[in-house]
Amino acid sequence: MTTGAVPDAEPGRIELAIGGMTCASCAARIEKRLNRIDGVTATVNYATEKARVEFPAGVSPEDLVASVEKAGYTAELPPPPQSGTGGEAPAAEDGPADGLRTLRERLVTSVVLSVPVIAMAMIPALQFENWQWLSLALAAPVVVYAGWPFHKAAFTNLRHGAATMDTLVSVGTLAAFGWSLWALFFGTAGEPGMKHGFEFSMTRSDGSMNIYLEAASGVIAFILAGRYFEARSKRRAGAALRTLLELGAKEVSVVRDGPGGTAREERVPVERLAVGDVFVVRPGEKIATDGTVEEGSSAVDASLLTGESVPVEVGPGDTVTGATVNAGGRLLVRATRVGSDTRLAQMARLVEDAQAGKAQVQRLADRISGVFVPVVIALAAATLGFWIGTGGGAAGAFTAAVAVLIIACPCALGLATPTALMVGTGRGAQLGILIKGPEVLESTRAVDTVVLDKTGTVTTGRMALVDVVTAEGVDETEVLRLAGALEDASEHPIAQAIARGAAERAGTLGTVEDFANVEGLGVQGVVDGHGVLVGRPQLLAEWAQELTPALKKAMADAQALGRTAVAVGWDGEARAVVTVADQVKPTSAEAVARLRGLGLRPVLLTGDNETVARAVADAVGIEEVVAEVLPKDKVDVVRRLQDEGRTVAMVGDGVNDAAALAQADLGLAMGTGTDAAIEASDLTLVRGDLRAAADAIRLSRRTLRTIKGNLFWAFGYNVAALPLAATGLLTPMIAGGAMAFSSVFVVSNSLRLRGFTPLAGSADEDGAVTTGSARRGVPAVR
């Protein structure tokens, strides 16, 4: 079906919402169908259920929708832009939520009804008189209602001459259920007192007293469990974009003309903000949209968008970006871009483009079933025809054919991925590692390069006091007591870092009087009777307090290391230079060494300047550094590495990393970072410890090996047992038992992942290596 109007998007390109896909092979079929149209290039993403299509002038969007519908699926055009904001309406979540709820209902139904059916079939002591009719009553809703998605998909595939795992599930369960009905109503299985026991012998039987209701209902319950956990993971696919858009301010104070020409403030929703409006940003508030400062000065924390660890000083004429935080004084800002034109919206599009362009690895089970399913169906039909043709009798022939379908029924094949994934992800959660899906595991196998964001990933992302250099005869504790007290009265992040460090080192701080903020230079006030200055050397120079040569050298040395240095003076003399910096996490060097041990080549990527980046890289043992990059540049760097033939993992924590995390072959987000980065990533490291990245890759690779081992067993046992079933030497009862054993083996093999342990090692207790951020080699101003 189609909805909405054809959008005025970029001509020749459109994104369709696809419905009805049940496995990765469905995405491949739709993609193949679209690409058959002359001039059309299509990429279908199974995880996000979207198709990105480029088409020539002679093809309309309606033609594309019709082509998808002919393949047996649904397609919807994107909704028109939302009026007033210039952006698109957020995707409704009712559809996916309803689909997940329906799947959960089918799963619960199948499990509740299948357990007693399986128990009665496998435990003779529970087989009371006429128990088989109770089994039929319980199994029928499972096969008909809970198994309906498989039957519907199988019918759709049949209409288009295709077969998937759904086909085999449907045919196998319907065959087992149909044979059970025949045995109950026309054979001897419906007689009172019938017992259902195992006979481990390869002798031919007409099967008229055998029912296979436990096989029909159990297979559906097992496969639905795997589908449910997969669907729940897929539902999060669009969360990165929604999280990005939710970062912005919700309301804004706009300056309007009041009566008599007086200005008044009006609080309005940010959607009503227009280009040219002047709005107020108070300390601690988010800036509503991109604009230019008209009045006031402050420090703006842009770390979410730029990765800069030090707030940026802004004043009249400077540009500011929406969703950044005003960390200092009151600002009047004139809006220059709103809605979809803002930098935040552009970053959201970057994430969307990167996610849509990421190639999805097809499930191994679907690739196997693409060949396996038609072969099994043909073999079952050939078995039936052979035994009838050779005089084996209709009952014996159908028994052998049902045995073929049951032994081939992909219970273990369907469990191979979800059980290993559930155990692996459960163990990962215990260790602070969140794995989002099986595609992630396949990516870890080939990764050879790991790109590390600096701020918040390799470093703490928080400024801290690291050094105090005093003039001759000046006590360090006195410097910290006076400077810390004065800085404690300021809201600036650097001032707060000095105040925290001073309180830790010096204990009680002094009492402040006559505090004043000197715009662009620093702060001044009276502390315990001393006239104290803290800030740029220029501030001290205005009070005739020149830095000594030793203090000048200390400040130059700090700036050369990328740190932020401020001068301290009182009572007419310059007394000290205090240095703050963003600290390298104590575990980062060890983490880099572990990543190298896994065969990965580390690259440091940051929006900070080259000096800062090199200092961090040297501290943790990274040789390759890419510095001074914008968010779009981060995506380009990842793409360039991929173009060089590398398989790239990206580790980051900020909004500025979200698009690069989505573009990378494997995205790892620090759990201490933003929701946007976490949602755009494939793996989340909850603890914020970079060493967990190595453990995450090790766990992912081991889980992938377990999945492959499960698939090998599930497929191998089918190949070995099919000839026995086809020759009539394997009864359907033994086939059902073998199928159950295969499932138990797969589950048991998956449970071995619970024994995964992280690498031994602990944080270095000797203190953090530090570095910092000094814009253009000068200390940050307040």
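Throughout this description, residue numbers start from 1 for each chain and increase along the sequence as written. Only residues with pLDDT of at least 70 are given local features in this predicted model, and only at 80 or more are side-chain atom pairs given and counted; all residues enter the totals for whole chains, interfaces and linings. Just so you know, side-chain values use all the structure's heavy atoms and leave hydrogens and water out.

- Looking up the protein in an unreviewed UniProt entry gives the name Copper-translocating P-type ATPase, with the organism given as Actinomadura graeca.
- The heading Sequence similarities (unreviewed entry) in the UniProt record of the protein holds the text "Belongs to the cation transport ATPase (P-type) (TC 3.A.3) family. Type IB subfamily."
- Under the UniProt heading Subcellular location (unreviewed entry), the note attached to the protein is "Cell membrane". UniProt positions are given in the numbering used here, feature names are shortened, and annotations may be inferred rather than shown by experiment.

### Observations regarding the UniProt feature "transmembrane region" (unreviewed entry) in the protein
Here comes step 1: With numbering matched to this structure, UniProt assigns "transmembrane region" (unreviewed entry) to residues 107-125, 131-148, 168-189, 209-229, 368-388, 394-417 and 710-727.
Here comes step 2: Helix makes up 84% of residues 107-125 and strand 0%, and the two end C-alpha atoms of the span are 28 Å apart.
Here comes step 3: Helix makes up 94% of residues 131-148 and strand 0%, with an end-to-end C-alpha separation of 25 Å. For the purposes of this entry, the term helix denotes a DSSP run of H or I that reaches at least four residues, the term strand denotes a run of E that reaches at least two, and both are numbered from the N terminus.

### Describing the confidence of the model for the protein
Here comes step 1: Considering every residue of the protein, the mean pLDDT works out to 78; 78% of them sit at 70 or more.
Here comes step 2: On a range of 0 to 100, pLDDT expresses the predictor's confidence in each residue. Per-element mean pLDDT across the protein ranges from 54 in helix 8 (residues 239-245) up to 94 in helix 4 (residues 131-146).
Here comes step 3: Low pLDDT, under 50, characterises residues 357-363; the predicted model gives this stretch 22 contacts beyond four residues in sequence or across chains.
Here comes step 4: The contact rule is simple, with two residues in contact once any of their heavy atoms fall within 4.5 Å. Predicted confidence for residues 762-782 stays below pLDDT 50, and this span has 75 contacts to residues more than four positions away or in other chains.

### Notes on unusual backbone geometry
Here comes step 1: With a phi angle near 50 degrees, D514 is a residue other than glycine that sits in the positive phi range.
Here comes step 2: Take D514: it is sitting in strand 17 (residues 512-518).
Here comes step 3: Categorising residues by exposure relies on relative accessible area from a 1.4 Å probe, with only protein chains included: less than 20% of the type maximum marks a residue as buried, more than 50% marks it as exposed, and the intermediate range marks it as partly exposed. Assessed through its relative accessible area of 63%, D514 is described here as exposed.
Here comes step 4: Here the phi dihedral of D571 falls at roughly 50 degrees; this positive angle occurs in a residue that is not glycine.
Here comes step 5: Within the secondary structure, D571 sits in the loop between strand 20 (564-570) and strand 21 (573-584).

### So, the pattern of salt bridges
Here comes step 1: In the sections that follow, a salt bridge refers to a side-chain nitrogen of Lys or Arg positioned within 4 Å of a carboxyl oxygen of Asp or Glu. Counting across every chain of the model gives 29 salt bridges.
Here comes step 2: R267 is the salt-bridge partner of E251, the closest N and O atoms lying 3.6 Å from each other. Pair noted here: E251 is in strand 5 (residues 251-257) and R267 is in strand 6 (residues 263-269), with a separation of 16 residues, a long-range link.
Here comes step 3: With a closest N to O distance of 3.5 Å, E294 and R334 form a salt bridge. Here R334 lies in strand 13 (residues 331-337) and E294 lies in strand 8 (residues 290-295), a separation of 40 residues in the sequence.
Here comes step 4: Owing to a relative accessible area of 40%, E294 belongs among the partly exposed residues under this scheme.
Here comes step 5: Three or more residues joined by partner-sharing salt bridges are found here, namely R256, R264, E266, R272 and D277.

### Thoughts on helix 16 (residues 476-488)
Here comes step 1: Expected helix span is computed as 1.5 Å times (number of residues minus one). For helix 16, which comprises 13 residues, the first-to-last C-alpha distance of 17 Å matches the rise-based estimate of 18 Å (1.5 Å per residue) to within 8%.
Here comes step 2: Burial in helix 16 covers these residues: V479, L480, L482, A483, G484, A485, L486 and E487.

### Re the side chain of T647
Here comes step 1: Mapping T647 onto the fold places it in the loop between helix 22 (631-643) and strand 24 (648-652).
Here comes step 2: A distance of 3.5 Å separates the side chain of T647 from the backbone oxygen of A446, its partner in a polar contact.
Here comes step 3: Leaving out residues up to four positions away in the same chain, T647 has contacts with S443, A446, V447, D448, T449 and D665. A 3.5 Å cut-off defines polar contacts: any pair of N or O atoms within that distance qualifies, except that in protein one atom must be a possible hydrogen donor and the other a possible acceptor, and neighbouring residues in sequence count only when both atoms are side-chain atoms.

### Considering the sheet that holds strand 14 (residues 433-435)
Here comes step 1: Only when DSSP finds a minimum of two bridges between them are two strands counted as paired. Pairing is mixed across the open sheet formed by seven strands, whose spatial order is 14-26-25-24-15-22-23. Each end of this open sheet is capped by a strand with a single partner; those strands are strand 14 and strand 23 (624-626). Between one strand axis and the next, the sheet turns through 20 degrees on average, direction left out of account.
Here comes step 2: Alignment of strand 14 against strand 26 (residues 683-685), held across three bridges, turns out to be antiparallel. Here, axes are lines fitted to C-alpha atoms. For helices the fit covers the stretch in contact, and angles between N-to-C directions go from 0 to 180 degrees.

### Notes on the pairing of strand 24
Here comes step 1: Within strand 24, five of the five residues are buried, which leaves the element mostly enclosed by the surrounding structure.
Here comes step 2: Side chains V648, M650 and G652 of strand 24 all project onto a buried face; the interleaved residues A649 and V651 project onto the opposite face, where all are buried too.
Here comes step 3: As judged from the four bridges shared by strand 15 (residues 449-453) and strand 24, these two strands associate in the parallel manner. By the bridge assignment, V451 is partnered in strand 24 with M650.
Here comes step 4: Two elements, strand 24 and strand 25 (residues 666-670), share four bridges in a ladder whose sense is parallel. Across the sheet, A649 pairs through a bridge with L666, a residue of strand 25.

### Concerning the packing of aromatic side chains
Here comes step 1: Centre distance within 6.5 Å is the pairing criterion for rings of Phe, Tyr and Trp, where only the six-membered ring of Trp is used; planes under 30 degrees apart are then read as stacked, over 60 as edge-to-face, and the remainder as tilted. All chains considered together, the criterion is met by four aromatic pairs.
Here comes step 2: Taken together, a centroid distance of 5.3 Å and an interplanar angle of 75 degrees make the contact between W133 and F185 edge-to-face. Placement of W133 in helix 4 and of F185 in helix 6 (residues 165-185) is noted, with a sequence separation of 52 residues between them.
Here comes step 3: Look at F185 and you get exposed, because its relative accessible area is 52%.

### Considering the packing of helix 4 against helix 5 (residues 148-159)
In a pair of packed helices, the angle between the axes and the distance between the axes together describe the arrangement.
Here comes step 1: Here helix 4 crosses helix 5 at 45 degrees, and the two axes come no closer than 5 Å. When the axis of helix 4 is compared with that of helix 5, the two are oblique. On helix 5, the residues that touch V143, V144, Y145 and A146 of helix 4 are W148, P149, F150 and H151.
Here comes step 2: Classifying every residue of the contact of helix 4 with helix 5 gives seven nonpolar, one polar and no charged. Comment on the angle field: the value is read as roughly parallel under 35 degrees, roughly antiparallel over 145, roughly perpendicular from 65 to 115, and oblique elsewhere. As a working rule, the residues Ala, Val, Leu, Ile, Met, Phe, Trp, Tyr, Cys and Pro are called nonpolar, Asp, Glu, Lys and Arg charged, and the rest polar, with Gly in that last group.

### Overview of the packing of helix 20 (residues 588-597) against helix 25 (residues 691-726)
Here comes step 1: Contact geometry for helix 20 and helix 25: axes closest at 7 Å, N-to-C directions at 25 degrees. Classified by the interaxial angle, the pair formed by helix 20 and helix 25 is roughly parallel. Seen from helix 20, the contacting residues are E590, A591, R594 and L595; seen from helix 25, they are R691, A693, A694, D695 and I697.
Here comes step 2: Partitioning the contact of helix 20 with helix 25 into residue classes produces five nonpolar, no polar and four charged.

### Section: the pairing of strand 15
Here comes step 1: Of all five residues in strand 15, five are buried; the element is thus mostly enclosed.
Here comes step 2: Because side chains alternate across strand 15, one face comprises the buried residues T449, V451 and D453, and the other comprises V450 and L452, equally buried.
Here comes step 3: Looking at chain direction, strand 15 and strand 22 (residues 601-605) are connected through five bridges and run parallel. By the bridge assignment, L452 is partnered in strand 22 with L604.

### With respect to the environment of A403
Here comes step 1: Mapped onto the fold, A403 is located in helix 12 (residues 394-408).
Here comes step 2: For the pair A403 and A380, spaced 23 residues apart in the sequence, the C-alpha separation amounts to 8.5 Å.

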